[in-house]
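# Architecture at a glance
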Amino acid sequence: MRAATPARDTVEQPAPAALSRLLDRIGGHRGGGAGSTTARELTLRHRLLLGLSAALTLALFLSYEGVHGDADPLRTDSAPAVLAIDTAHFALTNADDEAKSRTPSIDEMQTQISVASQSLAAAAADVVGGASGRQTLNTVTGLIAGYTGNVYKALGEPDGSPLRRAYLHYARSMLRDKDTGILPRLETLQKRQLAMVNSQTRFGWSLWLGWSVALLLVLTLAAALLETQVFLRRRFHRRYSRPLLAAGALLGGGTVTLVLFTLWTHQGMADTRHRLPGGHGSDIPEVGRQVADHLANTGFRAAAAVWILIGGIVLMALTDSVLRRHLNDYRFVPR
């Protein structure tokens, strides 16, 4: 096939040797013949830019989702569940301290039991630990009812009576037994929940690899856009290509925005992980406010993932438009 070269393509300047060899390999070209190489070089650059744009869009989307996809579940489920379990544990401990005091207050005990029950209901709504977590919470809720009943029976007996001591001993065993007690069950569940939080907030090797590949593709595509701009300027004597400049601005601005969003979200998730371990006691409300601040706007930033796909389509459209316009000037006819 021989290309009919447009009149304005008056000077054929060969591409640099290294780039020509690279483009030959991409296009499967094994030898040069007589005639214009412009159409072939345009075609290969067209394929290269579209391929790099598609690969970058996929890599950025997967890497971005790998970080931001866990931010919303952490904010709405995992972190509130940790705080709810902490609250229940703290309230039950206070109730037990009140029950064994010299002058126990039934009203105070009822308040603490009510706080614990409401906290466990909130934790169950957040699907803590899946089916096993819900089963543990159901068991604990039943045990709390038994614990409360024994405490009330004890308080109904005279102070110092053997029956009162027996009821209190049985209630405390239900609460603190290392194998079947309420508090040890909650502590075990809390450890599983914190392990889930650690998993959601960890920036593991797969994310490092994904972002490394994505940033490498950004640099490669930027270099390809620049080389294509130089090629078009040299071959067609046009100083600038606006679509290529727009593609470069979209690439640079989009990458910087996504990297900043990811850094902010990951930092907030890391701060949440460091602040959440149990045993906060009376500081639980303050911890909850701090966690809410750390995870603020993560939902908005996570929603930006769809713009990666839209940006990738726009990027491919821009590069396609500038090269296809020149490709359409070439018509291939049989020898």
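Here, every reference points to the structure presented above.
Below you will find a few notes about this structure. (Residues numbered from 1 in each chain as written. Predicted model: local features only at pLDDT ≥ 70, side-chain atom pairs only at ≥ 80, totals over all residues. Heavy atoms only, no water.)

Here we take up the nonpolar core. Within the largest apolar cluster, 32 residues are counted, with the highest numbers of intra-cluster contacts made by L42, L56, L60, Y64, L221, L225 and L232. Counting only elements with at least two residues in this core, the list comes to helix 2 (38–68), helix 8 (205–236), helix 9 (242–275) and helix 12 (305–327). Ranked by the residues each element gives to this core, the list is headed by helix 8, at 11 residues. Counting residues in each nonpolar core, the second largest holds 26 residues, with A116, L120, V140 and L186 among its members. (Core = buried A, V, L, I, M, F, W, Y, C linked by side-chain atoms within 4.5 Å. Buried < 20%, exposed > 50% of the residue type's maximum accessible area, 1.4 Å probe, protein only. Helix = DSSP H or I, 4+ residues; strand = E, 2+ residues; numbered from the N terminus.)

Here the focus is the layout of surface pockets. Considered as a void within the structure, the second largest pocket measures approximately 270 Å³ in volume. Lining the second largest pocket are 17 residues, with G254, L258, W307, I308 and G311 sitting closest to its centre. Among the elements of the structure, helix 2, helix 9 and helix 12 are those that each provide at least two residues to the lining of the second largest pocket. Per-element accounting of the lining of the second largest pocket gives the leading share, seven residues, to helix 9. (1 Å grid on protein atoms, 1.4 Å probe; cavity = no way out; pocket = protein on both sides within 12 Å on 5 of 7 lines; lining within 4 Å. Points joined across faces, edges and corners; volume = space filled by probe spheres on them.)

Take the packing of aromatic side chains next. The tally for this structure, following the rule as stated, stands at three aromatic pairs. An angle of 75 degrees between the planes, with centres 4.9 Å apart, marks the rings of F203 and W208 as edge-to-face. Under the relative-accessibility criterion, W208 is labelled exposed at 55%. By way of ring pairs, the aromatic residues F261, W264 and F300 are connected into one cluster. The ring of F231 carries the charged tip of R45 above its face, separated from the ring centre by 3.9 Å. (Phe/Tyr/Trp six-rings, centres within 6.5 Å; stacked < 30°, edge-to-face > 60°. Lys NZ or Arg CZ within 6 Å of the ring centre and 35° of its normal.)

Before going further, it helps to examine the environment of Y64. With respect to the helices and strands, Y64 occurs in helix 2. Each C-alpha atom, one on Y64 and one on L207, is 8.8 Å from the other, the two residues being 143 residues apart in sequence. Apart from residues lying up to four places away in sequence, Y64 is in contact with G69, W211, L258, F261, T262, R301, A302, A304, A305 and I308. (Contact = heavy atoms within 4.5 Å.)

Now for unusual backbone geometry. Phi at N297 is positive, roughly 70 degrees, even though this residue is not glycine. With respect to the element layout, N297 can be found in the loop between helix 10 (284–294) and helix 11 (298–303).

Packing of helix 2 against helix 9 leaves a shortest axis separation of 10 Å and a crossing angle of 20 degrees. On the basis of their axis angle, the class for helix 2 and helix 9 is roughly parallel. The interaxial crossing formed by helix 2 with helix 9 has left-handed handedness. Only L251, L258, F261, T262, T265, H266 and M269 of helix 9 make contact with helix 2, whose side of the interface consists of L56, L60, Y64, V67 and H68. (Axes fitted to C-alpha atoms, helices over the stretch in contact; angles between N-to-C directions. Parallel < 35°, antiparallel > 145°, perpendicular 65-115°, else oblique. Left-handed = near helix turned anticlockwise from the far one by under 90°.)

This paragraph deals with the pattern of salt bridges. According to the stated counting rule, one finds six salt bridges in the structure shown. Residues D96 and R176 are paired through a salt bridge, measuring 3.2 Å at the closest nitrogen-oxygen approach. With a gap of 80 residues between them, D96 in helix 3 (residues 71–99) and R176 in helix 6 (residues 162–176) connect regions that are remote in the sequence. Salt bridges linked by common partners bring D96, R172 and R176 together as one network. (Salt bridge = Lys/Arg side-chain N within 4 Å of Asp/Glu carboxyl O.)

Interpretation in functional terms is not warranted from these geometric data alone.
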